Amino acid sequence: MTADRASLTRTELADLLTDAAQIVSGILTAEYPTAVGRSYLYPVLGPLSAGPRVLGELNDRLEGFVAAEPRPATPAGLFALASYASALGWLAESFAELTASVDQICTRVGIPTEPSEPVVAASGGTEQDDTFDFAFSALELATIRTAAQAAGLAPDAYVEVLSQSLLAASRITDACMEISSGLFEDAAYVLDEATDHAWIGDGPDSLPTLVRSLLARMEAAR
C-alpha cells in the first residue's frame, strides 16, 4: 500500500479490511503434509505452517498503510487502522499460543526441539475444557491402536496428544473466525456508515468491532 493517503476512499479502506479478513480466513483451510508417524499433529500443522506467511503479509500491508504521507488522519482512516492493527495483534497472540501448545505436544512425545525457556499455552481459564471423555467403538479403537503404533506411542498417550492437538486447533480456528468476522464488520461500517467528519463518539459502540472484542476479553480476564 504505497498510494497517497489522500487518494484512499472509504471503499479502498473497506477493501483493505476485507482483504485482511479473507487472508485470515484462509488459515482455516491451510493444509500441510503429515507423516503417518505424526498423525496426532494433523489438526494443527496446517494453521501452524500458514501462520508465519499470513502474519508477514498482514504486517507488510500495515507498514505500507502507515508509511505513506500524509499519515492516516480522517475518522474512516483511523478507524480502519485501529481495526487492522487489532486484528494483527490478536492473530499474533493466537499463533504464539498455538506454537506453545504444539511445543508442549512435541515435548510430551519426545520430539527434539530447540532449547527454549519453558512455555505454557494460554488456556483462558478453561482447565476443565482440557479434559475429554471419549467412548470409542471397536473400529475406532482399532484405528487408534494402528495410529498409535505408527507413532510409537501407547494408545492412551496417543489419545492424549491428539486431544491436545484438537483443542489447540479449535482455539486457533475460533480466533481466526472471530478476527475475520470482525474485519468484515468493520469494513462494512467504513463503507456504509462512516462519514467524512468526526463520527467517533464517547461510547464503546463507536470503536471498531475487534477493539471492542479485545477490551471485552481483557475485562473478562480480570
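The shown structure was predicted, so the numbers you read here are calculated from the model rather than taken from an experiment.

### Here's the deal with the packing of aromatic side chains
No. 1: Scanning the entire structure with this criterion turns up 2 aromatic pairs.
No. 2: With a centroid separation of 6.0 Å and an interplanar angle of 85 degrees, the aromatic rings of Y40 and Y158 are classed as edge-to-face. With a gap of 118 residues between them, Y40 in the loop between α1 (10-25) and α2 (42-67) and Y158 in helix α5 (residues 155-192) connect regions that are remote in the sequence. Both residues of the pair, Y40 and Y158, count as buried.

### Here we look at the pattern of salt bridges
No. 1: With the rule as written, the count across this model stands at 3 salt bridges.
No. 2: Linking R61 and D19 is a salt bridge whose minimum nitrogen-to-oxygen distance equals 3.9 Å. Of the two residues, R61 is situated in helix α2 and D19 in helix α1; the sequence distance between them amounts to 42 residues.
No. 3: Among the residues examined, R61 registers a relative accessible area of 28% and is labelled partly exposed.
No. 4: Notably, a salt bridge pairs E160 with R108, separated by 3.2 Å at the nearest N-O pair. Here R108 lies in helix α3 (residues 75-109) and E160 lies in helix α5, a separation of 52 residues in the sequence.

### Observations concerning α3
No. 1: If you check α3, its first and last C-alpha atoms are 51 Å apart, about what 35 residues at 1.5 Å a residue would give, namely 51 Å.
No. 2: Looking one or two places after α3, you find G110, whose phi comes out positive at around 85 degrees.

### Let's talk about the packing of α1 against α5
No. 1: Close contact between α1 and α5 brings their axes to 8 Å; oriented N to C, the two are set at 170 degrees. On the basis of the axis angle, α1 is roughly antiparallel to α5. On α5, the residues that touch R10, T11, L13, A14, L17, T18, A20, A21, Q22, V24 and S25 of α1 are C176, I179, S180, L183, F184, D186, A187, V190 and L191.
No. 2: By residue class, the composition of the contact of α1 with α5 is 13 nonpolar, 5 polar and 2 charged.

### So, the confidence of the model for the protein
Reading fine detail from the predicted coordinates is not recommended where pLDDT is low.
No. 1: Per-chain confidence: the protein averages 80 in pLDDT, with 77% of residues scoring 70 or above.
No. 2: For the stretch residues 1-5, pLDDT sits under 50, and the model shows 16 contacts to residues farther than four places along the chain or on other chains.
No. 3: Note that pLDDT drops below 50 for residues 115-133; the model gives that stretch 18 contacts with residues more than four away or on any other chain.

### A closer look at the packing of α1 against α2
No. 1: Between α1 and α2, the least distance of the axes is 10 Å, while the angle of their chain directions is 170 degrees. Regarding the angle of α1 to α2, the classification is roughly antiparallel. Contacts from L13, L16, D19, A20, I23 and V24 in α1 reach V54, E57, L58, R61 and F65 in α2.
No. 2: Residue classes in the contact of α1 with α2 are distributed as 8 nonpolar, no polar and 3 charged.

Here is what the cut-offs are and how they apply
Residues numbered from 1 in each chain as written. Predicted model: local features only at pLDDT ≥ 70, side-chain atom pairs only at ≥ 80, totals over all residues. Heavy atoms only, no water. Phe/Tyr/Trp six-rings, centres within 6.5 Å; stacked < 30°, edge-to-face > 60°. Helix = DSSP H or I, 4+ residues; strand = E, 2+ residues; numbered from the N terminus. Buried < 20%, exposed > 50% of the residue type's maximum accessible area, 1.4 Å probe, protein only. Salt bridge = Lys/Arg side-chain N within 4 Å of Asp/Glu carboxyl O. Expected span 1.5 Å × (residues − 1). Axes fitted to C-alpha atoms, helices over the stretch in contact; angles between N-to-C directions. Parallel < 35°, antiparallel > 145°, perpendicular 65-115°, else oblique. Contact = heavy atoms within 4.5 Å. Nonpolar A, V, L, I, M, F, W, Y, C, P; charged D, E, K, R; others polar. pLDDT = per-residue confidence, 0-100.

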